[in-house]
Number of protein chains: 2
Amino acid sequence: MGGTDKKKTIDTVARKAGVSVSTVSRVMNNPEMVKEDKRLRVLKVMEELEYSPSPLARGLATDSLGLIGIIVPNITNQANARIVYAAMDRLEKKGMGVMLFDAREDLERELTIYRTLPKKMIDGVIVIFGNGEEEDYTRLAEDLPLVLAGPPAVGIPVDQLSSNEGQGFQNLVQYFYEMGHRDIAFLYGSDKTKGGVRRKNLFKRTMEDFGLKAPGHHLLNCPWTLEGGYEGAARLLKQGELPGAVISSSDQIAIGAMRRFQEYGLHIPSDISVAGFDNSPMARFVTPSLTSLDFPHSRMGEEAAELIIRRIQNRKKTPARIILPLEVVSRESTAPPEKHSG
Amino acid sequence: MGGTDKKKTIDTVARKAGVSVSTVSRVMNNPEMVKEDKRLRVLKVMEELEYSPSPLARGLATDSLGLIGIIVPNITNQANARIVYAAMDRLEKKGMGVMLFDAREDLERELTIYRTLPKKMIDGVIVIFGNGEEEDYTRLAEDLPLVLAGPPAVGIPVDQLSSNEGQGFQNLVQYFYEMGHRDIAFLYGSDKTKGGVRRKNLFKRTMEDFGLKAPGHHLLNCPWTLEGGYEGAARLLKQGELPGAVISSSDQIAIGAMRRFQEYGLHIPSDISVAGFDNSPMARFVTPSLTSLDFPHSRMGEEAAELIIRRIQNRKKTPARIILPLEVVSRESTAPPEKHSG
DNA sequence: TTGAAAGCGCTAACAC
DNA sequence: GTGTTAGCGCTTTCAA
């Protein structure tokens, strides 16, 4: 009943300040166009009224709400979360908000998100580790500014941000090679993800470059989770002959695998070496601590934010393609193979 | 130059279907009010035109964009992420989008978010593990529907969702007590968080209920991170006398602490037992696997979503207060104390 | 430098 | 049932 909580619009402010709504609007958007005293007066009234403009009305008029959509496979995955975290920070500094979409590791769902994305509501979209086809992204990019962070969808004219996986595998295999390992298995992730399939091939090729074999039974597909790694390792154990080392497509997979090996009675790294991928915060703290390929999540998030902002500002600049390095971080989970006489 | 990509509005549809805009609007919002044949005709035209309404325009007219704000301390924290994940799923099913805000573990920042929240843009807000004061939330709740998920801010008339920490500590201390432990330390989290301080007191009280002491040097504050646990454990080690068991306010803290103990040469659980809090996915896979208090993150996220939706529908229903159970999940990291003769 | 007024695209009375 | 029209709150010409 106080009557003080009526809704304040730009009109309320204009009236109380004795100016027109356009002046108030200018004070907010082009202050230099308004004469000092009037400007201050308006500002004061806005203060008193605790006025804040409606993003909706402004958005309708300017065709921009200042929102960026971010699509992730699964926000509970730390790697995803770290990228989002970094991107949000940058976006916030530019005054942009973030609308989050989670595909829940489901391709159907992911494609549905692409299709039903509220395109009129967001100014652009960042897709993290997307699993769509090139055409999906080509189509998306027609509708709104798009940045692809994750595996490159080579060939399409879209801002892309990826890690140098070729170099990464090169480094990792070399690391093991120099340690004396020749028999290396790979838990490459899920066959249902582009990243997984891509890494499987990349690994195979890299092994060949080193003159090593990567037989099919040493290439194991598994979900990108702790359980996935656990089960992948279990399958490996059932095969009998063990490789001297196991690489995994994520630290989660590696940690799951380590657990299985340990339960089996194996000692890491003397019986078997294990390496991860991500260099997640956990890697340093598990026992044994996990050798991993350092993935620049923060950097990727930041760059993605920068790219989308630039793309929004200039929709026809030529697409960027940023490639970030991957470097081996050596820890306790890897060691030269023991020379078993068998 | 094709001319096919002009922007389609409700008017375009109306014209092409030979009806008025209100009919088109009705087809979208109150289809039962439109005669079958007209309805189908409009639907067909919408299809052909690939028309999708502008959420902005609709929002401006209805005063609702269908967006829920979610504020978290840190999305890279799995516990946060799991709650968000679950909430998003529920919200999506109700046709709501999510705008994410990250306080970056910083109280200042958190309060700034409360203050600068685009209240006109979102229909409601879910605060997860908030660290604000009651008055902050009282104020927020005046402006828009609010749900508090995390430590209860008892006393204010706002929908609240918390875990039964009293019962949880009861269970956990009893678990250790029955195992024969009398000396229990607690890495309670950060003094700068409400949750941490609250748990410290709760733990102390619970210990007393069991006739046990919780001396100051066994109550250690530390950041809610792996590093935090590591450093907390280091401080404990420096004290000399070790407790038989250590409880931690999160699995992250516990894992960090375990790492420190192991580096120190201690064997877990025979030298010292460690328990976590959260029962995160990691708990099963670290070595030794971690005894933990199971926290219903998914449940909390889902309930939070339900609550905010109900609150939006009826802003004056009496506030709900849901309390979720915490149960001990026993694993390898805990065991009866060894009977050292010293 | 300022104000008047025409949108932005949709919803919801209100009238027919 | 359906159409007309007045908003929703802001930006942005266009004139003055």
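Each remark here, short or long, concerns the structure printed above.
I will try to describe carefully the structure that is included in this document. (Residues numbered from 1 in each chain as written. Chains lettered and ligands numbered in written order. Predicted model: local features only at pLDDT ≥ 70, side-chain atom pairs only at ≥ 80, totals over all residues. Heavy atoms only, no water.)

Quick notes on the protein's contact with DNA strand C
How we decide: We call a residue near a molecule or strand when any one of its heavy atoms sits within 4 Å of it. We call two N or O atoms a polar contact when they sit within 3.5 Å, provided that within protein one can donate a hydrogen and the other can accept it, with sequence-adjacent residues counted only if both atoms are side-chain atoms. Only DSSP runs of H or I covering at least 4 residues are called helices, and only runs of E covering at least 2 are called strands; the numbering of each starts at the N terminus. Amino acids are sorted into nonpolar (Ala, Val, Leu, Ile, Met, Phe, Trp, Tyr, Cys and Pro), charged (Asp, Glu, Lys and Arg) and polar (every other residue, Gly among them).
Around DNA strand C sit 26 residues, and of these T23 and R26 of chain A together with I10, S25 and Y51 of chain B come closest. Each atom of DNA strand C within 4 Å of the protein was assigned to sugar, phosphate or base; sugar and phosphate come to 67%. At 2.5 Å, a side-chain N or O of R26 of chain A approaches a base oxygen of DNA strand C. Contributions of two or more residues to the surface near DNA strand C are made by helix 2 (21-29) and helix 4 (55-62) of chain A together with helix 2 (21-29) and helix 4 (55-62) of chain B. Examining the composition of the surface near DNA strand C, we find that five residues originate from one element, helix 2 of chain B, more than from any other. Partitioning the surface near DNA strand C into residue classes produces 11 nonpolar, nine polar and six charged.

Details of the interface of chain B and chain A
Test applied: Residue contacts are counted whenever heavy atoms from the two residues lie within 4.5 Å of one another. By buried area we mean the combined loss of accessible area, with a 1.4 Å probe, across both parts when two parts are placed together. Basic side-chain nitrogens of Lys or Arg form a salt bridge, by our definition, when they fall within 4 Å of a carboxyl oxygen of Asp or Glu.
At the junction of the two partners, chain B supplies 48 residues and chain A supplies 48 residues. Overall, the association of chain B and chain A removes approximately 4600 Å² of surface from exposure, summing both partners, and the carbon and sulfur fraction of that is 62%. Taken together, the connections running from chain B to chain A amount to 10 salt bridges. Between R259 of chain A and E332 of chain B there is a salt bridge, with the nearest N and O atoms lying 2.5 Å from each other. When contributions to the side of chain B that touches chain A are tallied by element, the ones reaching two or more residues are helix 4, helix 5 (78-93), strand 2 (97-102), helix 10 (226-238) and helix 11 (251-263) of chain B. When residues in the side of chain B that touches chain A are grouped by element, the largest group, seven residues, is from helix 5 of chain B.

A short note on the pattern of salt bridges
Tallied over the entire structure, the rule returns 46 salt bridges over all chains. E36 of chain B is the salt-bridge partner of R39 of chain B, the closest N and O atoms lying 3.0 Å from each other. Of this pair, R39 of chain B and E36 of chain B both sit in helix 3 (residues 36-49), separated by three residues, roughly a single helical turn. A cluster of three or more residues bridged by salt bridges with shared partners is formed by D89, E92 and K93 of chain A together with R104 and R109 of chain B.

Points about the sheet that holds strand 10 (residues 291-294) of chain A
The strands making up a sheet are joined through hydrogen bonds of the backbone, oriented either antiparallel or parallel. Residues and elements named next belong to chain A. We count it as follows: By definition, two strands form a pair when at least two bridges between them are found by DSSP. Inter-axis angles, ranging from 0 to 180 degrees, are taken between N-to-C directions of lines fitted to C-alpha atoms, where helices are fitted over the stretch in contact.
Read across the sheet, six strands follow the order 7-6-8-9-10-12 without closing on themselves; strand pairing throughout is mixed. With one partner strand each, in any of the chains shown, strand 7 (219-221) and strand 12 (327-329) form the two edges of the open sheet. Recorded for the sheet is a direction-independent mean angle of 20° between the axes of neighbouring strands. Where strand 10 meets strand 12, three bridges bridge the pair, whose relative direction is antiparallel. Following the sheet pairing, S292 is matched in strand 12 by V329. Contacting strand 6 (184-189), strand 7, strand 8 (245-248) and strand 9 (273-278), helix 9 (residues 194-209) runs over the sheet at an angle of about 160° to strand 6.

Focus: the relation of the copies chain B and chain A
The cut-off we apply is this: Here the copies are superposed with least squares, the fitted atoms being C-alpha atoms of residues at a pLDDT of at least 70 in both.
It takes a turn of 180° to lay chain B on chain A, together with a shift of 0.1 Å along the axis; the resulting RMSD is 0.1 Å. What the superposition gives is, in effect, a two-fold axis relating one chain to the other. The rotation axis passes nearest to the C-alpha of M99 of chain B in chain B, at a distance of 2.2 Å. Here 100% of the contact residues of chain B are again contact residues in chain A; the copies associate through an equivalent surface.

Remarks on the pairing of strand 5 (residues 159-163) of chain A
Residue and element names in this part refer to chain A. Heads up, the rule is: When accessible area is computed with a 1.4 Å probe and restricted to protein chains, residues below 20% of their type maximum are described as buried, those above 50% as exposed, and intermediate ones as partly exposed.
With respect to burial, strand 5 is a largely interior element, five of its five residues being buried. Inspection of the sheet shows strand 4 (residues 146-149) paired to strand 5 by three bridges, in the parallel sense. For V147, the partnering residue across the bridge sits in strand 5 and is D159. Two strands pair when backbone bridges link them, and strand 5 and strand 11 (residues 321-324) are joined in this way by four bridges, in the parallel orientation. Paired with S162 across the bridge in strand 11 is I323.

Notes on the packing of aromatic side chains
Stated precisely, the cut-off is as follows: Centres within 6.5 Å are what make two rings of Phe, Tyr or Trp a pair, Trp counting through its six-membered ring; a difference in plane orientation under 30 degrees is then read as stacked, over 60 as edge-to-face, and the rest as tilted. Both a distance and an angle decide whether a charge sits over a ring: NZ of Lys or CZ of Arg must be within 6 Å of the ring centre and within 35 degrees of the ring normal.
Using the criterion set out here, one finds 20 aromatic pairs over all chains in the structure. When the centroid spacing of 6.0 Å and the interplanar angle of 50° are considered together, the rings of F169 of chain B and F277 of chain B count as tilted. Here F169 of chain B is found in helix 8 (residues 165-179), whereas its partner F277 of chain B is found in strand 9 (residues 273-278), with 108 residues between them in sequence. Each member of the pair, F169 of chain B together with F277 of chain B, is buried. With a centroid separation of 5.4 Å and 45° between ring planes, the pair formed by Y177 of chain B and F210 of chain B is classed as tilted. Taken together, the residues Y177 of chain B in helix 8 and F210 of chain B in the loop between helix 9 (194-209) and strand 7 (219-221) connect sequence positions 33 residues apart. Relative accessible area serves as the criterion here: at 29%, Y177 of chain B is assigned to the partly exposed category. Members of the aromatic cluster, joined through ring pairs, are F169, F186, Y188, F203 and F277 of chain A. Of note, R104 of chain A hangs over the ring of Y85 of chain B, and the distance from its end group to the ring centre comes to 3.8 Å.

Spatial relationships are all this shows, so hold off on functional conclusions.
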